[in-house]
Structures are given as C-alpha cells and as structure tokens.
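Letter by letter, the chains look like this.
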Amino acid sequence: TEMVVEGQSDDEAFTERNRFFALYRSKGGRMTAPSKPDRLLRLLESPPALREKIVFVPVSVFWGRAMSGEGTFFKNITSEDWAVTGRIKRLLNLVINRRNIFVHTGRPIPASSVSNEAEATEILARRVSRLLRVRLRQQKQTALGPDFSHRRTLLHQVVTSTNVKQAITAEVANGVKQSKADRRARKYARTIASDMSHPTIRVLARLLRWFWNQIYNGIEVAGIESLEEVSASHTLVYVPSHRSHLDYLLLSYLLYFRGFMIPHIAAGDNLNVPLLGPILRRGGAFFMRRSFRDDPLYAAVFNEYLYEVYRHGHCVEFFPEGGRTRTGRLLPARVGLLKMTVDHQLRGLPKPLALVPVYFGYEKVVEGSSYLSELRGADKQSESITDVFRNLKLIKQNFGSVQVNIGEAIKLDEWLADQADGETQASPDLEQLGREVMMGINKESELNAVKLVALVTLATP
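Because the structure is predicted, anything quoted here is derived from the model rather than measured.

I tried to follow the confidence of the model for the chain on my own but got confused; where do I start?
As a note on interpretation, predicted positions should not be read in detail where pLDDT is low. Taken residue by residue, the chain gives an average pLDDT of 83. The fraction at 70 or more is 81%. Low pLDDT, under 50, characterises residues 5-11; the stretch is placed with six contacts to residues that sit more than four places away or in other chains. Across residues 66-80 the pLDDT falls below 50, and counting only partners more than four positions away or on other chains, this stretch makes 49 contacts in the model.

Explanation requested: the packing of helix H7 (residues 151-159) against helix H14 (residues 296-311) in the structure shown.
Packed helices, taken two at a time, are described by the angle their axes make and the gap between the axes. In the contact formed by H7 and H14, the axes pass within 9 Å of each other and the chain directions differ by 130°. On the basis of their axis angle, the class for H7 and H14 is oblique. Relative to H14, H7 is oriented so that their crossing is right-handed. Mapping the contact onto sequence places Leu154, Gln157 and Val158 in H7 and Val301, Glu304, Tyr305, Glu308 and Arg311 in H14. In the contact of H7 with H14, the residues fall into four nonpolar, one polar and three charged.

Please clarify how the pairing of strand E12 (residues 285-288) should be interpreted in this entry.
Look at any regular strand and the pattern is simple: side chains alternate between the two faces of the sheet. Here E12 shows no split at all, with Ala285 and Phe287 on one side and Phe286 and Met288 on the other all buried. Both strand E11 (residues 264-268) and E12 contribute to a ladder of four bridges, which runs parallel. Bridging from a neighbouring strand, Gly268 pairs with Met288 of E12. After leaving E11, the chain enters helix H13 (residues 276-282) and then returns to the sheet as E12, a path that is right-handed.

Sorry, what's going on with unusual backbone geometry here?
Most peptide bonds take the trans configuration, and most residues that are not glycine carry a negative phi. At Leu275, a residue that is not glycine, the phi angle is positive and equals roughly 70°. Position of Leu275 relative to the elements: it lies in the loop between E11 and H13.

Where do I start with the nonpolar core in this structure?
Within soluble globular proteins, side chains that are nonpolar generally end up buried alongside one another. Judged by nonpolar contacts, the single largest core of 49 residues is most densely connected at Val301, Phe302, Phe318 and Leu355. If one sorts the elements of this core by residue count, H14 sits on top with ten residues. Beyond its immediate chain neighbours, meaning those up to four positions away, Phe302 contacts Ile192, Phe286, Phe287, Met288, Phe292, Leu337 and Met340. Counting 30 residues, the second-largest nonpolar core is a separate cluster that includes Leu255, Tyr362, Phe399 and Val404.

Explain the packing of helix H9 (residues 178-192) against H14 here, please?
Relative to each other, H9 and H14 sit at 45°, their axes nearing to 9 Å. Compared by their axis directions, H9 and H14 come out oblique. Where H9 crosses over H14, the handedness of that crossing is right-handed. Of the residues in H14, those touching H9 at Ala181, Arg184, Ala185, Tyr188, Ala189 and Ile192 are Leu297, Tyr298, Val301, Phe302 and Tyr305. Of the residues in the contact of H9 with H14, the class split is ten nonpolar, no polar and one charged.

Is there a simple way to think about the side chain of Ser241 in this case?
Relative to the helices and strands, Ser241 resides in the loop between strand E10 (235-240) and helix H12 (246-257). Residue class for Ser241 comes out buried when judged on its relative accessible area of 0%. Polar side-chain contacts of Ser241 include one of 3.3 Å to the side chain of Arg243.

Whenever I open this one, the pattern of salt bridges confuses me. Can you help?
Note on pairing: side chains with opposite charge can pair once their charged atoms come close. Counted by the stated rule, this structure contains nine salt bridges. Measuring nitrogen to oxygen at the nearest pair gives 3.2 Å for the salt bridge that ties Asp295 to Arg289. Asp295 sits in the buried class, given a relative accessible area of 8%. A salt bridge links Arg326 to Glu374; the nearest nitrogen and oxygen atoms lie 2.8 Å apart. Within this pair, whereas Arg326 is found in the loop between strand E13 (316-317) and helix H15 (336-347), its partner Glu374 is found in helix H16 (residues 368-375), the two being separated by 48 residues in sequence. Connected through shared salt-bridge partners, Glu171, Arg184, Arg289 and Asp295 make up one network.

Calculation criteria
- Residues take numbers from 1 onward in each chain, read along the sequence in its written order.
- Local features in this predicted model are restricted to residues of pLDDT 70 or higher, and side-chain atom pairs are both shown and tallied only at a pLDDT of 80 or more, whereas totals for entire chains, interfaces and linings draw on every residue.
- The basis for the side-chain values is all heavy atoms of the structure; hydrogens and waters are excluded.
- Confidence of the predictor in every single residue is expressed as pLDDT, which spans 0 to 100.
- When checking whether two residues touch, look at their non-hydrogen atoms; a contact exists if any pair is within 4.5 Å.
- Angles here are taken between N-to-C directions and fall from 0 to 180 degrees, while the axes themselves are lines fitted to C-alpha atoms, restricted in helices to the stretch in contact.
- Segments assigned H or I by DSSP are reported as helices when at least four residues long, segments assigned E as strands when at least two residues long, and all are numbered from the N terminus.
- Relative orientations are named as follows: roughly parallel for angles under 35 degrees, roughly antiparallel for angles over 145 degrees, roughly perpendicular for angles from 65 to 115 degrees, and oblique for any other angle.
- Put simply, a crossing is left-handed when the front helix is turned counterclockwise from the back one by less than a right angle, and right-handed when it is turned clockwise.
- When residues are grouped by polarity, Ala, Val, Leu, Ile, Met, Phe, Trp, Tyr, Cys and Pro land in nonpolar, Asp, Glu, Lys and Arg in charged, and all others, Gly among them, in polar.
- Here's how the labels work: a residue is buried when its accessible area is under 20% of the maximum for its type, exposed when over 50%, partly exposed in between, all with a 1.4 Å probe on protein chains only.
- Note on pairing: two strands pair once DSSP finds at least 2 bridges between them.
- The handedness rule is simple: strands pointing away from the viewer, and a clockwise path from the first strand over the helix to the second, make the crossover right-handed.
- For the purposes of this section, nonpolar cores are sets of buried Ala, Val, Leu, Ile, Met, Phe, Trp, Tyr and Cys residues that join through side-chain atoms within 4.5 Å.
- Between N or O atoms, a polar contact is any pair within 3.5 Å; within protein, one atom must be a potential hydrogen donor and the other a potential acceptor, and residues adjacent in sequence are included only when both atoms are from side chains.
- One side-chain nitrogen of Lys or Arg within 4 Å of one carboxyl oxygen of Asp or Glu is enough to make a salt bridge.

Below is the structure:
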C-alpha cells in the first residue's frame, strides 16, 4: 500500500508505493543478501514525521518444512531445510508444497530505535539489515530446527577444546600414553553425542502418532504459545517432571508438530542398548553416565559437549529429578546438570539460556505395574531391547488422557543478575534454582478425575 506523509510542504513530500523489501534474493541458484536495499535507503531518508511511525517486521516464508513430518516422500525431499538449494529444487518446491506453506512473523524493529540523525543513511541501512538478518535466522531455526550437518565439526571442537586438552594432559601425567588419551577422548565424544536425523525423526513422529491414538483418549497441551517469544531471545532448556519413559517422547512429538525445534535430550546410558540406543540417538538423545566423578576426562568431554550444544543454539532437555518418580510425587532437584548449565551461562553464550518447566499429568502411567513391584521391594529391572517388543501389548490397554503444561521460563541471565551481590557476582545458589524449577513444574500441575479418586481413597480411614 502507498505510504504518504500528510501535511508536509512540497519539498518534504514523501511517497512509497510498497511497504516491503527483500533482504535475500536468488542469484545464480544461491541466496544472496544485498547490504543496501533501495527501499530501505529511501525509508531511512524519509521525513522525521514518517520515520517515527515506521517499524521493520521480519517475515519468513517456508514452502514446506523438512521437520514437519507431513506429506509424501516427494514433499519431504523438496521441503525447506538449511542446505542451499538450486533452481530445480525450488521449482519442485513451488509445485509440490504449494499447500504446505508456513509463515513466521518476528518481533518488529522500530525505525526510531536504530535511527540517528548524525549517522549516514548507508550505515543505518547496514545496521537495520544486520538486525533483520539475525531475526530471520532465529525464525528459520525455530521453524526448521537446528542444522545437523556439522556433527563431525562439533565433536572436533569438543576434543580440541582447552578444557579437554587439559584433562588429556592430566591423564598423560598419570602415565597414560598421549595417543591412548586422545583416542579415549574421541571415543567418549562419539559415545555421548546426539546424531539427529531428519528421516528418523519423521518416521518416529508417524509411529508415535499411531501409538498415542492407540493408548490415549487425547493429549492436551497448555502454555506452548509462550515458547516462540522466549525462543527469540533465549536458548530453551526444557526441565520436565519425570513420571514415565514416554515423557521425552511426548514432549519432542508435541514440539515437532507445533513447529518448534526438537531438543537434544539427556538420557542415561542405561538406554544406550543395541538397536534402541541408535534410534534414540538419531531422535535427539545424547547419553551420559549416571556418575563420572572418578573419570575426569569423561567429565571434561561431557561438560564441553554440553557447552558446544548450547553455543550452537540447540535447545536441550533434561530431567531435574534425575530419575522417574515411583510415587507420583515430585522428587528434589539434582543440581548436576543445573550446575553445568549455569556454568555455561556464566562462561558466555551467543544467546542466554532459559529453563522451561514442563508438567506431565497422566491418568494412568504405562510403567504403573513395575512401579508397584518396586515399591513392594522388587529390584529395578534393567532396560533392554526386549522391553520394546514386550510393551507392544500396551496398545490393547487404555491409559486415559495426558495433560502437558508448559510453565513460565526462568531466564538464567535475569536470575543470575538477581543473585548478584552489589558489584561482585555472588556464588549462584543452585539449591534455590532447583527449588524454583520444581515449584515451576508444580505450579502447572493438573487435577484430573483419577487424582481426585486417589485423594479421597487416601483420606478415607
């Protein structure tokens, strides 16, 4: 539409017929970013009366999403992803995904917030373009998920980092050969690291949709709308309650079909069993030992891997309780991964971290019978691949409905600022942070019919 400043003298009159400009254009099969779009220059040179009213709104249009899990094989291979595409794929995309379009509108940038009368127009234009490109990349990361193409580079960065090199030097000082210590560090990194795969995630998404429809009457979600605003400024760290092995599958499934990034999930190495472990790893799991205090090299590699995941902007999920509750009551938070997360925030990251409490409310837990056995004194059974086939009989049962509630995010940069003591940074109170996380989960708890019956039964003499 036409933009006109009314009430201006003839020498100040300004007219602009369209209210959009492209930051990226296709050139020779590649997307290029011109530094000074002509319309942007004209807008920044507009009269002050108009410039005060201008806001720049970043808008991304995706013709299909590689992570959406919808549609045919041809739709998936032509969908948007992080790779630079050629003209043939773009043409196929226009035809095949014409009904599978996603539009993301970002936070506006007022022209008055970046405008400065003392600066040249070209400098202002470069500043606005840079800010908009950052917002567009954030939208792309939110819509498409992380770029998985650099796993080998990430692992190399982990094992060549200063902290891991120092741990290797300490091993050598204790009599371990340099080559052996290097191999151990690389082996640890491969054992820990996730290996997300778009095809695996799409297959799992379809299988889980079928599975949920077989065992649940419905899955209700609340609070997920708040994630988009928080994810624009912070890297999300999901900290859910842990009542079932299905918790992480449910959360990833819901985020996936709502258009959010799939999290990297901290999983115990007891789940890294043949066949099941590689599937979980390709679905986003990274594995960790229950305890690694006696192995400083492993601790250094794991700590550095988690930092690199955060530094690359990937969201993460871990269970603050450490393990599944057998009684349904929330367990006290363990501070191990919380401490690492706070340390990485203090170390410095491109985007600050935000802890997102998540509550899972089941009417009936699929592991209920094994929990009862353990509460009666039976030993916990180790996970194995046979559990997958044994649990197929679950599809014959009805487990009611599930409520998943997303709580208010705890922004670590703001939380640490509140912890500061005068001009010096106080030592973060991790126990307090753990309590706040668990309180955030508990605030989102849902009362259903099964819980009411249990409450009455327990309160009856």
